[in-house]
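# Structural description and commentary
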Amino acid sequence: MPGTCAGLEVALSAENGGDSVTISSDYDLEDDGSASEDATVCFGNLGIEDHRTVSISGSGSASQTASGGRHASSAKFSATDATGTLSGTATVTPGYLYATQSIFAAGSSAMAGLELANDNALTGLSSSVLSGYLETVQNAWTGSSHTSSSIEAGGETTINTHAESSSDNSQITTSIQGNFQGNIGASADTSTNTEQEGRITGQFESTVTANQETNHRVLNCDSTYGLNAQAGTNSGQSAISNPVTFDVDSDGKIQDAIDAALNGDTVNVAAGVYEENLAIGTSITLAGINAPSTIIRHVGTLSPVITIQGPGTLVDLSGFTIDAGSYQAIYANGLAGASIRDNQIMSTGTDQDSIVEIENSQNIVFSGNNLYVDSPASFGSVVEMNGLSGSNEFAYNYLYILGPQAGLPAYRDGLDISKSPEGASFSIFENTMVDASYLSSGWRNSYGIGLDSSNEANVNIQQNSLSGWDHGIYSEQSVGSINVNNNDLVGNTVDGIMNNGNAVIDARYNYWGSEDGPGGGAIDSILGMAADGAGDKIAGTGKAAFYPWRTTPVKGIDWLPPV
């Protein structure tokens, strides 16, 4: 019995004593409105099959009621462009019943409800909403009860499942896929097993209550979630995250995999050239097969090749050649931790303030990277670490700078550390940092490692080779400790160490390029002796201890970029 106008209402009734009554109807409502159908059996052991489809372009509601014995009842509600509320209710009251309901809404909101009551009750609910708000409610009671939900959600979602049983076994299962924000609730009068599974993003609050034993598992959930299990006797609860690995080949897009990944997932990238700028906002591992053959090349916009940001984000980035051209290679902000390792970073003609910038983060490891800078077009740093807290590491890196573009008084500093609070620490070890730009430039004032006056961290600089800079190490640090030991400070054109800060630098056991130690006339802060050797100088208004020194190199200086 079709209808084509808004507000259509149809009621059907079957009251005979036959063995079977079948009622079916289809509605196609072109306008906003509602359709409802009531199918009622008042006596006998009738089997009722009630099938209905409602398709609407706006708000709509549908309901069905079946009463009798041994019933099968199903309803499907669909809204392709819902502007209001889509709701459906299925109620069955006799024994040995089975009821299902599926809801699909592609518009602004949807509500689905499924309720059953009698012995051996089974309910099933499948719902999907692409945007807006989806609310589902299920109730089952008396006898052995099982309720299940399968939800695909793109907006805010609320799922409430309740099972009451006179027996000892009630089970609730909820499966969720998609962007989820809201609440999952389950409760039972007796023993309850609940399992909630899905790849979920957003905020997730789950509550389970039972009077007796409760077992509650959350699987594949990537969320900020709260889990609460209450039971009168025994209770157990667990949250399990199952990471997923995405593989990207040379025909694919790395960003597509990053967008699909959730916290804890891995994106593996095959050899190839990928011309795209990446944005990472989740805690993932992004791994190229190896740096020489897996190349990410800057394209199009002014954004960095790789941007990593988001409160609490943890990222592992490795195995890439990052070809930044004249743009920024990596920008990271607000990270709870990161490992940036075993990459090759290439920059040519850059006018950016920094090629790699990491700020307002903590627990950063920058290790095993080759940084090759050719012809910088402005002043700035190769790597800038600004406002880092926690324990940070800069190790096993090779940093090599060639001369600026012809006629430009441009230079690059190596590593610049600034604005770290008291208690932060930096371990800088086993790096080779060479500035060859003086071979082709005029005026410069570069440093290999710089500690800004706003920096208050504890800094340990060990077993590095710094050569070719105006100042190998330049410090204006106000407080904190600075230990510079067992390094090669050789061939720096002004001095090996310039200390204009308040912190006394422990600069013992370094090789200064000469057996008779450093020059410059500085006074050892412990022994009172002057630095009058032929090696790199110690200068500045601050204090340093430099004796004893090494008479042979620690590492030696490699003047060529890595192959």
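Residues numbered from 1 in each chain as written. Predicted model: local features only at pLDDT ≥ 70, side-chain atom pairs only at ≥ 80, totals over all residues. Heavy atoms only, no water.

### Regarding the overall build of the protein
Across its full length, the protein holds one helix and 48 strands. Per-residue burial over the protein gives 50% buried out of 563 residues. In the protein, of all internal contacts separated by at least 6 residues, the share reaching a separation of at least 24 is 58%. As presented, the protein carries roughly 22300 Å² of accessible surface, and 47% of it is formed by carbon and sulfur atoms. (Helix = DSSP H or I, 4+ residues; strand = E, 2+ residues; numbered from the N terminus. Buried < 20%, exposed > 50% of the residue type's maximum accessible area, 1.4 Å probe, protein only. Contact = heavy atoms within 4.5 Å. Areas by Shrake-Rupley, 256 points an atom, 1.4 Å probe, with all protein chains shown as cover.)

### Section: the pairing of strand β37 (residues 432-435)
Neither face of β37 is exposed, since Thr 432 and Val 434 on one face and Met 433 and Asp 435 on the opposite face are all buried. Taken together, the four bridges between strand β34 (residues 398-401) and β37 define a ladder with parallel strand orientation. Across the sheet, residue Leu 399 finds its bridge partner in β37, namely Met 433. The sheet contact formed by β37 and strand β40 (residues 465-467) spans three bridges and is parallel. Residue pairing across strands places Val 434 opposite Ser 467, the latter belonging to β40. (Pairing = 2+ DSSP bridges.)

### Remarks on the pattern of salt bridges
For the coordinates displayed, the defined rule picks out six salt bridges. Across the pair Glu 430 and Lys 555 runs a salt bridge, and its minimum N-O distance is 3.2 Å. Residue Glu 430 is located in the loop between β36 (425-429) and β37, and its partner Lys 555 is located in the segment after β48 (544-545); the two are separated by 125 residues in the primary sequence. Taking the relative accessible area as the measure of exposure, Glu 430 reaches 23% and is therefore partly exposed. Exposure remark for Lys 555: the relative accessible area of 34% places this residue in the partly exposed category. What you see here is one network of salt bridges that share partners, running through Glu 275, Arg 297 and Asp 323. (Salt bridge = Lys/Arg side-chain N within 4 Å of Asp/Glu carboxyl O.)

### Considerations on the pairing of strand β28 (residues 344-348)
Because side chains alternate across β28, one face comprises the buried residues Ile 345 and Ser 347, and the other comprises Gln 344, Met 346 and Thr 348, none of which is buried. Pairing of strand β26 (residues 321-325) with β28, which is carried by four bridges, proceeds in the parallel orientation. Its bridge partner being in β28, Thr 321 is matched across the sheet by Gln 344. Sheet analysis places β28 next to strand β31 (residues 370-374), joined by five bridges and oriented parallel. The residue of β31 that forms the bridge with Met 346 is Tyr 372.

### Quick look at the packing of aromatic side chains
Evaluation of the coordinates by the stated rule reveals six aromatic pairs. Centroid distance Tyr 396 to Phe 429: 5.4 Å. Interplanar angle 85°. Geometry classified as edge-to-face. With Tyr 396 in the loop between β33 (391-395) and β34 and Phe 429 in strand β36, the pair connects residues that are 33 residues apart, well separated along the chain. Residue Phe 429 is classed as partly exposed on the basis of its relative accessible area of 21%. (Phe/Tyr/Trp six-rings, centres within 6.5 Å; stacked < 30°, edge-to-face > 60°.)

### Considerations on unusual backbone geometry
The amide bond that connects Tyr 547 to the next residue, Pro 548, takes the cis arrangement and shows omega of 5°. Its identity is not glycine, yet Tyr 396 carries a phi of approximately 55°, on the positive side. The backbone of Tyr 509 shows a phi angle near 65°, a positive value even though the residue is not glycine.

### Looking at the environment of Phe 426
Mapped onto the fold, Phe 426 is located in strand β36. A C-alpha to C-alpha distance of 9.4 Å links Phe 426 and Asn 363, two positions 63 residues apart in sequence. The residues contacting Phe 426, other than those within four sequence positions of it, are Met 385, Leu 388, Asn 392, Ile 417, Ser 420, Ala 457, Asn 458, Val 459 and Asn 460.

### Let's talk about the sheet that holds β26
Taken together, nine strands build an open sheet; the order of strands is β21-β24-β26-β28-β31-β34-β37-β40-β43 and the sheet is parallel. This sheet does not close on itself; its edge strands, each paired only once, are β21 (272-275) and β43 (488-489).

### Concerning the confidence of the model for the protein
When pLDDT is averaged along the protein, the result is 73, and 53% of the positions lie at 70 or above. Low pLDDT (under 50) marks residues 27-33, which in the prediction has 36 contacts with non-local residues, meaning those over four places away or in another chain. (pLDDT = per-residue confidence, 0-100.)

### Quick word on the side chain of Asn 397
Within the secondary structure, Asn 397 is located in the loop between β33 and β34. The contacts of Asn 397, once residues within four sequence positions are left out, are Phe 366, Ser 367, Gly 368, Asn 369, Leu 371, Glu 430, Asn 431 and Thr 432.

### Some words on a nonpolar patch on the surface
Taken together, the side chains of Ile 526, Leu 527 and Tyr 547 make up a nonpolar region of the molecular surface, amounting to roughly 320 Å² of accessible area. By the secondary structure assignment, Ile 526 is in the loop between β46 (518-519) and β47 (535-539). (Patch = residues over 30% accessible without salt bridge, like charges linked within 9 Å, V, L, I, M, F, W, Y side chains within 5 Å.)

### Quick look at the environment of Thr 432
When you line up the elements, Thr 432 lands in strand β37. Thr 432 sits in the buried class, given a relative accessible area of 11%. Thr 432 sits 32 residues away from Asn 464 along the chain, and the two C-alpha atoms are 5.9 Å apart.

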